[in-house]
Amino acid sequence: MQLDVQRLEKIIEKWGGHILRVKKTDIYRADAWFDKYGYWTVFFCRFVPVIRSLISIPAGMSNMNIRLFLLFTTLGTLIWNTILVYLGAT
C-alpha cells in the first residue's frame with residue numbers, strides 16, 4: 001500500500017490543492033476508512049451510479065482480498081441490476 005500512497009502524494013502535490021481540492025491528509029483518512037469498511041463499501045457503492053465505476057480503484061489500492069472483493073461486488077451488482085430490470089419491466 002505504501003507505494004500507491006506515494007504515487008497519490010505526488011499527484012496531490014502537483015494537482016491536489018488548486019484543481020482536485022484534495023489534501024494529503026484526505027488520502028490517509030480515506031485509506032484508513034476503506035481498510036475498516038472496505039468490503040461493505042464495495043457492496044454499497046455498487047448502488048451509486050458514478051461511484052460504482054470507480055470503487056475498484058481504492059479496493060485494489062488497499063490490496064483487498066480478490067475473492068471477497070468479487071463476492072461483495074457481484075452481490076451488489078446483482079441486486080442493483082435486479083432492481084433496474086424490475087423497474088424497467090413494470
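Remember, predicted model here, so these are calculated numbers, not experimental data. (Residues numbered from 1 in each chain as written. Predicted model: local features only at pLDDT ≥ 70, side-chain atom pairs only at ≥ 80, totals over all residues. Heavy atoms only, no water.)

Engineer: Is there a simple way to explain the UniProt feature "transmembrane region" (unreviewed entry) in the protein chain in this structure?
Structural biologist: Within the UniProt annotation, "transmembrane region" (unreviewed entry) is assigned to residues 37-55 and 67-89. Summarising residues 37-55: 68% helix, 0% strand, and an end-to-end C-alpha distance of 13 Å. End C-alpha to end C-alpha, residues 67-89 measures 32 Å, and it is 100% helix and 0% strand. (UniProt positions renumbered as here; feature names shortened; annotations may be inferred. Helix = DSSP H or I, 4+ residues; strand = E, 2+ residues; numbered from the N terminus.)

Engineer: Help me understand the environment of Arg52 in this model?
Structural biologist: Examined against the element boundaries, Arg52 turns out to sit in helix α3 (residues 51-54). With 10 residues separating them along the chain, Arg52 and Val42 place their C-alpha atoms 8.1 Å apart. If we skip the residues at most four places from it in the chain, Arg52 touches Cys45, Arg46, Phe47, Thr77 and Trp80. At a separation of 2.2 Å, a polar atom in the side chain of Arg52 contacts the main-chain carbonyl oxygen of Arg46. (Contact = heavy atoms within 4.5 Å. Polar contact = N/O pair within 3.5 Å; in protein donor to acceptor, adjacent residues only side chain to side chain.)

Engineer: Would you mind going over the nonpolar core with me for this structure?
Structural biologist: Where a protein is soluble and globular, its nonpolar side chains tend to be buried together. Judged by nonpolar contacts, Phe34, Val42, Phe43, Cys45, Ile55, Ala59, Met64, Phe69 and Phe72 together constitute the single largest core of nine residues. Those elements that provide at least two residues to this core are α2 (24-45) and α5 (66-89). The biggest single contributor to this core is α2, with four residues. Beyond its immediate chain neighbours, meaning those up to four positions away, Val42 contacts Phe34, Ile55, Ala59, Met64, Phe69, Phe72 and Thr73. (Core = buried A, V, L, I, M, F, W, Y, C linked by side-chain atoms within 4.5 Å. Buried < 20%, exposed > 50% of the residue type's maximum accessible area, 1.4 Å probe, protein only.)

Engineer: In this structure, what is going on with the side chain of Thr41? I would like to understand it.
Structural biologist: In this structure, Thr41 sits in helix α2. Judged by its relative accessible area of 8%, Thr41 falls in the buried class.

Engineer: Can you walk me through the UniProt feature "domain: VTT" (unreviewed entry) in the protein chain in this structure?
Structural biologist: Cross-referencing UniProt, the feature "domain: VTT" (unreviewed entry) maps to residues 23-89 in the present numbering. When the span residues 23-89 is considered, its composition is 84% helix and 0% strand, and the gap between its end C-alpha atoms is 45 Å.

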